[in-house]
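Summary of the model geometry
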Amino acid sequence: MIGVDAKSPRWDDWARLTHDIPHDFAAGDVELVETASGDELRCLRAQHADTPAYRPGFVLTFEPGMRVFLYTELPRIERVTHLTAALRAAVEPHLGRTLEPHARSTVRPHEAAALMAIASRLLLLGSAPAEAIRYAVLLHDHRWAFSDEGDDPQYGELGAVLRRPEVLALLDEATATSTSTPA
């Protein structure tokens, strides 16, 4: 999923330009392109086989130098994405939930964000699995969602599943792989 946040001299804070609508793209739907007017990130999804020219999504024109930065960071982002997907696949069956109509997953949005934070901490910061879980989500009242004293009720089910031996083994394996693979 790709979202675009931006900041302008005309307003003081960051704004989500892609709103709250999820924009999911396969790897082949995202490309960095050199154009005469500058470098672009094109996120255009081929949605229907019978209308391949219709590709919803967006195109961003980069400031000079951003393309080089993205080329170095995209492999790291992809590793986090793959681990997040593996985590979701590992925890989802243990949540014991029924898939809601039109839903893609039984993992709730705030839980999906926690899984991404765990994967990011593990792969990008080099955190140990227990530490990655513990510090994945800071709540509005400055408490951690996952705690030795007890998980926040919103995260209780997920916390219990994250501490299952097979999920911890997945995190341990990712940690071992990330230390042997250059960032």
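Residues numbered from 1 in each chain as written. Predicted model: local features only at pLDDT ≥ 70, side-chain atom pairs only at ≥ 80, totals over all residues. Heavy atoms only, no water.

This paragraph deals with the layout of surface pockets. Of the pockets and cavities examined, the second largest pocket occupies roughly 170 Å³. As for the second largest pocket, its lining consists of ten residues, of which Arg79, Leu83, Leu123, Ala174 and Thr177 are closest to the centre. Counting only elements with at least two residues in the lining of the second largest pocket, the list comes to α1 (66-95) and α5 (165-180). The element that contributes the greatest number of residues to the lining of the second largest pocket is α5, accounting for five residues. Partitioning the lining of the second largest pocket into residue classes produces four nonpolar, four polar and two charged. (1 Å grid on protein atoms, 1.4 Å probe; cavity = no way out; pocket = protein on both sides within 12 Å on 5 of 7 lines; lining within 4 Å. Points joined across faces, edges and corners; volume = space filled by probe spheres on them. Helix = DSSP H or I, 4+ residues; strand = E, 2+ residues; numbered from the N terminus. Nonpolar A, V, L, I, M, F, W, Y, C, P; charged D, E, K, R; others polar.)

Let us now look at the domain arrangement of the protein. Split into domains, the protein comes out as domain 1 (28-46 + 53-64) and domain 2 (73-96 + 106-180). Computed over C-alpha atoms only, the centres of domain 1 and domain 2 are separated by 31 Å. (Domains from an automatic or database assignment.)

Once that is clear, we can look at the sheet that holds strand β3 (residues 30-35). Taken in spatial order, the three strands of this open sheet run β3-β4-β5, and their pairing is antiparallel. The strands lining the two open edges of the sheet, one partner per strand, are β3 and β5 (57-61). When the angles between neighbouring strand axes are averaged without regard to direction, this sheet yields 20°. Here β3 pairs with strand β4 (residues 38-44) via six bridges, running antiparallel. What sits directly across from Leu32, in β4, is Leu41. Contacts between α1 and the sheet are confined to β3 and β4, with β3 contributing the most and set at about 155° to the helix. (Pairing = 2+ DSSP bridges. Axes fitted to C-alpha atoms, helices over the stretch in contact; angles between N-to-C directions. Contact = heavy atoms within 4.5 Å.)

Let's shift gears to the packing of aromatic side chains. Under the definition given, this model contains two aromatic pairs. An angle of 85° between the planes, with centres 4.9 Å apart, marks the rings of Tyr135 and Trp144 as edge-to-face. Classification of Trp144 by relative accessible area gives partly exposed; the value is 26%. Ring geometry for Phe146 versus Tyr155: centroids 5.5 Å apart, planes at 75°, classification edge-to-face. The class for Phe146 is buried, based on a relative accessible area of 1%. (Phe/Tyr/Trp six-rings, centres within 6.5 Å; stacked < 30°, edge-to-face > 60°. Buried < 20%, exposed > 50% of the residue type's maximum accessible area, 1.4 Å probe, protein only.)

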